[in-house]
Amino acid sequence: MSLHTQYLESFLRSQFYMLRMDGPLPLPHRHYIAIMKLVKTGENNWSLPELVHAVVLLAHYHALASFVFGSGINPERDPEISNGFRLISVNNFCVCDLANDNNIENASLTGNNFGIVDSLSELEALMDRMKRLREEREDEEASQEEMTTRFEKEKKESLFVVSGDTFHSFPHSDFEDDMIITSDVSRYIEDPGFGYEDFARRGEEHLPTFRAQDYTWENHGFSLVNRLYSDIGHLLDEKFRMVYNLTYNTMASHEDVDTTTLRRALFNYVHCMFGIRYDDYDYGEVNQLLERSLKVYIKTVTCYPERTTKRMYDSYWRQFKHSEK
């Protein structure tokens, strides 16, 4: 995370406030919530401030799990080490690779002349598509009906990207063979089957849609959390804005690149997997900008972070730097 120092500072300020500063929940409760998979109310009902504090903690640590697993930071049991754990990198990077921010072709064992040429052409094609989409948007806007149709198509397809332990919409691949689901927090779990569920069953005709404009962070969420858990709204807002706008205007070796189109496609695709739609966005751009292997990676990191594998990470954006990925 220190590859992006501005975001790291914002992230740490928010985390410190949640865990250490004034708030309705006692300190041990906060740490316990941070490692839970599920909150159940007992005989004593929680107050609204306590509930908001808990939800903020759960969301924060779910996102952190996605970041950790998605970056390839994976603790594995090792009986030869006194504390029982050693840190390994899923991505086969050595420390110098991460520190120097090398790209995948340079850092992994899969790089060869053909692979480098192939991934370079993929990068050029992606940049061409971004440029073409910007030009098309200036020339002609899609109708609301067409934009609705494109969102419904993308939403439906997102249900098939990852399902359970298999990837139904793609041919059998080595992705499945890499999946190792281990858990060292089992003593905290009452319901081992609890986890992400798709927002609709496959085969349903009318899938539910949540219009982002109906309940926004800016107009509703911010004021709610600030009222019940003072100051956290400002910290979260700073963090959200920081990551949404974060760019160095680079794509691999290319500089002075406007990455807005690509970043927005990533942001909106994550929300699409939860049935959330932005009315002003053309979801046809998602299919043009996000390759199949990237969609698999994104859904896995978002919904099943513990299943993320080296092969998934290596399969997309092969010319991009580690910090960009």
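Residues numbered from 1 in each chain as written. Predicted model: local features only at pLDDT ≥ 70, side-chain atom pairs only at ≥ 80, totals over all residues. Heavy atoms only, no water.

(A) Broad picture of the layout of surface pockets. Estimates place the volume of the second largest pocket at around 440 Å³. Surrounding the second largest pocket, 19 residues form its lining, Leu 133, Arg 137, Ala 142, Asp 282 and Glu 285 being those nearest its centre. Listing elements by their share of the lining of the second largest pocket, those giving two or more residues are helix 6 (113-139), helix 7 (144-161), helix 11 (260-272) and helix 12 (284-289). For the lining of the second largest pocket, the element with the highest residue contribution is helix 6, accounting for 4 residues. (1 Å grid on protein atoms, 1.4 Å probe; cavity = no way out; pocket = protein on both sides within 12 Å on 5 of 7 lines; lining within 4 Å. Points joined across faces, edges and corners; volume = space filled by probe spheres on them. Helix = DSSP H or I, 4+ residues; strand = E, 2+ residues; numbered from the N terminus.)

(B) Quick peek at the packing of aromatic side chains. Applying the stated criterion across every chain yields a total of 15 aromatic pairs. Here the aromatic rings of Tyr 313 and Tyr 316 are separated by 6.2 Å at their centres, their planes lie at 75°, and the arrangement is edge-to-face. Judged by its relative accessible area of 2%, Tyr 313 falls in the buried class. Ring plane angle 55° and centroid distance 5.7 Å describe the contact between Tyr 316 and Trp 317, whose orientation is recorded as tilted. Comparing Tyr 316 with Trp 317 shows no difference in burial state: the two are buried. Put simply, the rings of Tyr 297, Tyr 313, Tyr 316, Trp 317 and Phe 320 touch in pairs and so form one group of aromatic residues. Stacked on the ring of Tyr 304, the Lys or Arg Arg 307 has its end atom at 4.5 Å from the ring centre. The ring of Tyr 316 is capped by Lys 325, whose NZ or CZ atom sits 4.1 Å from the centre of that ring. (Phe/Tyr/Trp six-rings, centres within 6.5 Å; stacked < 30°, edge-to-face > 60°. Buried < 20%, exposed > 50% of the residue type's maximum accessible area, 1.4 Å probe, protein only. Lys NZ or Arg CZ within 6 Å of the ring centre and 35° of its normal.)

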